[in-house]
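Listed here are the chains, written in short residue letters.
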Amino acid sequence: MAKKINEFGFEEFEARHGKQNNQKLKPYLVLQYLLRNTDESHVVSADDIVEFLKRCGIYAERRSIYRDIKEINKIMWLLENKTLTDDSEFDDGVTVEDAEDALAEDEDDEEKFVVYQKHAKTKGFYVRQRHYNSNDIRLLAECIYSARFLSQKEADRLSKVVCEFVSKYDAKNIRHDAFLTDRVKTQNQHVLGNIGLINDAMSFRIDGEAHTPEKITFKYLKYSINDVNQQAERRGGETYKVSPYKLLINDGFYYLLAFDDAKQKMMTYRVDRMKGVSFTNEPRDGKEAFDAIDLRDYTKRVFSMFGGKRESVTIRFINPLLDAVVDRFGNDKNSVYYAKCDDRHFTVTTRVEISDQFFGWVLGFGKKAKLLESEYAVEEFKKYLDKVREMY
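Residues numbered from 1 in each chain as written. Predicted model: local features only at pLDDT ≥ 70, side-chain atom pairs only at ≥ 80, totals over all residues. Heavy atoms only, no water.

Caption draft 1: Looking closely at the pairing of strand β2 (residues 124–127). Both faces of β2 are covered, namely the face carrying G124 and Y126 and the face carrying F125 and V127. Pairing of strand β1 (residues 114–117) with β2 involves four bridges; the strand directions are antiparallel. What sits directly across from V114, in β2, is V127. (Buried < 20%, exposed > 50% of the residue type's maximum accessible area, 1.4 Å probe, protein only. Helix = DSSP H or I, 4+ residues; strand = E, 2+ residues; numbered from the N terminus. Pairing = 2+ DSSP bridges.)

Caption draft 2: Region of interest: the pattern of salt bridges. Applying the stated criterion to the full structure yields 21 salt bridges. Measuring nitrogen to oxygen at the nearest pair gives 3.8 Å for the salt bridge that ties E233 to K219. Linking E233 in strand β6 (residues 227–233) with K219 in strand β5 (residues 214–224), this pair joins segments that are 14 residues apart in sequence. By relative accessible area, which is 28% here, E233 ends up partly exposed. By relative accessible area, which is 24% here, K219 ends up partly exposed. Put simply, E380 and K383 hold a salt bridge, and the shortest N to O gap is 3.3 Å. Of this pair, E380 and K383 both sit in helix α13 (residues 375–389), three residues apart, roughly one helical turn. Look at E380 and you get partly exposed, because its relative accessible area is 23%. Members of the salt-bridge network, linked through shared partners, are K215, K241, D261, E282 and D285. (Salt bridge = Lys/Arg side-chain N within 4 Å of Asp/Glu carboxyl O.)

Caption draft 3: Region of interest: the sheet that holds strand β13 (residues 345–354). With respect to topology, four strands assemble into an open sheet ordered β12-β13-β11-β14, the strand pairing being antiparallel. Whereas interior strands pair on both sides, the edge strands pair on one side only; in this sheet they are β12 (336–340) and β14 (369–373). Neighbouring strand axes in the sheet, compared pairwise and without regard to direction, differ in orientation by 30 degrees on average. As defined by bridge partners, strand β11 (residues 309–318) adjoins β13 across ten bridges and the pair is classed as antiparallel. Counterpart to T314 in the pairing with β13 is T349. Here helix α11 (residues 322–329) sits on the sheet and contacts β11, β12 and β13; the angle it forms with β13, its principal contact strand, is near 25 degrees. Across the sheet, α13 is in contact with β11, β13 and β14; its angle to β14 comes to roughly 135 degrees. (Axes fitted to C-alpha atoms, helices over the stretch in contact; angles between N-to-C directions. Contact = heavy atoms within 4.5 Å.)

Caption draft 4: Summary view of helix α3 (residues 62–81). Here α3 spans 30 Å end to end across 20 residues, near enough to the 28 Å set by a 1.5 Å rise per residue. Turning to α3, its buried residues are S64, I65, D68, I69, I72, N73, K74, W77 and L78. In this fold, the buried residues of α3 make contact with α1 (26–37), α2 (46–55), α4 (96–104), β1 and β2. (Expected span 1.5 Å × (residues − 1).)

Caption draft 5: Expanded view of a negative patch on the surface. Where like charges cluster on the molecular surface, the negative patch consists of E97, D98, D101, E105, E107, D108, E110 and E111. Looking at where D108 falls in the secondary structure, it is placed in the loop between α4 and β1. Residue class for D108 comes out exposed when judged on its relative accessible area of 61%. (Patch = residues over 30% accessible without salt bridge, like charges linked within 9 Å, V, L, I, M, F, W, Y side chains within 5 Å. Areas by Shrake-Rupley, 256 points an atom, 1.4 Å probe, with all protein chains shown as cover. Lys, Arg positive; Asp, Glu negative; His and termini not counted. Charge placed at Lys NZ, Arg CZ, Asp CG, Glu CD.)

Caption draft 6: Looking closely at the nonpolar core. Membership of the largest hydrophobic core comes to 32 residues, with the highest contact counts inside it found for I198, I216, F218, L256, Y269, V271 and M274. At five residues, helix α8 (residues 191–202) tops the list of elements feeding residues into this core. Counting residues in each nonpolar core, the second largest holds 23 residues, with I315, V325, V352 and I354 among its members. (Core = buried A, V, L, I, M, F, W, Y, C linked by side-chain atoms within 4.5 Å.)

Caption draft 7: Region of interest: the confidence of the model for the protein chain. For the protein chain, per-residue confidence averages 81 on the pLDDT scale, and 83% of positions sit at 70 or higher. Confidence drops under pLDDT 50 across residues 6–13; counting only partners more than four residues distant or on other chains, this segment forms 23 contacts. (pLDDT = per-residue confidence, 0-100.)

Caption draft 8: Here's a closer look at the packing of helix α12 (residues 356–363) against α13. Closest axis-to-axis distance for the α12/α13 pair is 10 Å, and the angle between their directions is 80 degrees. By the angle between their directions, the pair α12 and α13 is classed as roughly perpendicular. In this structure, α12 uses D356, F359, G360, V362 and L363 to contact α13, whose residues at the interface are A377, E380, F381, Y384, L385 and K387. Tallied by class, residues from the contact of α12 with α13 come to seven nonpolar, one polar and three charged. (Parallel < 35°, antiparallel > 145°, perpendicular 65-115°, else oblique. Nonpolar A, V, L, I, M, F, W, Y, C, P; charged D, E, K, R; others polar.)

Caption draft 9: Structural view of the packing of α2 against α3. At a closest axis distance of 9 Å, the pairing of α2 and α3 adopts a crossing angle of 95 degrees. With respect to α3, the element α2 is oriented roughly perpendicular. Between α2 and α3, the residues in contact are A46, D47, I49, V50 and L53 and R62, I65, Y66 and I69, respectively. Of the residues in the contact of α2 with α3, the class split is seven nonpolar, no polar and two charged.

Quick look at the structure:
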C-alpha cells in the first residue's frame, strides 16, 4: 500500500499502540507551535497541540504534552541561567537538577517559560517572554523601516526576522503598522553586504585569524537626469581606493569615514552609493589623520556630511526654535553655548563647517534666525545669498 504523505511532509497514520515514529521531534515541534501561536492574549490547549502534531504525522497522547512542556521549561530555565565564559563556553555552575529544583519551588510560575493560564476565562498554555515584549519588537521593526540605507526588499526581510520573536498575532499587527509608514528607500540591494565587507576590511581579526586592516576599492554612484531610476558611476567609472576607519549613521543613512588615497585626507561616503566593494590586501593609510578627529565633535559640526572651513559661529533665533536648535547642535556645555539675548530671542555659539549646506539650513528659518558671527561666516553667507539672488 502506498504511503500517504501529509502537507507537512510526514507519513499519515492511524493512532496505534507500540513504538511511534518521529517521537524525538515532538518536544521541538511543541515548542515551535507555542512560540508561533501563543502570547498572553492567545492560549492553546493540550488538545490543540495534539491536533497540530497529528497534522505533522506524529501521534501524541494528551498527557504526553504536559511532559513535553515540563521538559521545555527545564531546558529553557537551564539555558537562561547558564552563563558564558570568556571562551564562549557554558560554565558548570548550573545543572539539570538545579533547573528541576527551581521549577518545583516555582509556585507562582515566575520561572517558567511556558505557563498554563488557569485563572482567566480561557484556559491554556502560552509562552511568556521575559527578555522582550511586543513593543520592543515593534520598535525594532520600525527602526528597520526607518533606515533609508535599506532597500524595501531588505526591510521586508529583516522585519520578518525580528517578528519571529513574537507570536503570529503580534507579528501581523507589527508588520501591518510598519507597512503603513511610507519612506524613500535606496535601490541598492547590496548595502548589507557592503557593510559586512567594510567591517571585515577594518577588522583586526577575521574568523579567529589575525588580520591587518586594509584598503578597499569601489565605484561610487550618482543619479543622472537622463534616467533617475538608474544610478550612474561617478567620475566616468573611476575606481575609488580608500582606507576605511569608521561606519557612521546620519539621517537614516550609513556613511563610511575613510582616508582617501587620491585626496590624501579623511572623507565620507554614502554606503548605499557604493558599488562593487572589494578588498585590496594593501594595509590602510591615514591613521594620523583619523586619530586627529574627535568623532563626537565631527558628527555634530558636519551637516549632511559636506565639508568646509571649520569656524566658530553665533546665531540668533526666536525662542520657539530652541527645541529645533538643540536637536541640531545638542547641549554639550563643552562645545555648545546657549545664551538669552532678550525676551524674544536666544543665541547659540558653536563650531561648524562653513558650507552652502550650513547656509541653506540657516536660511530655512527665514527671518526667525540671523547669523551674527564670525565676520568670516557672515561675509561668506552674504556671498551665498548673492549667488542665489543672481539666479532670479
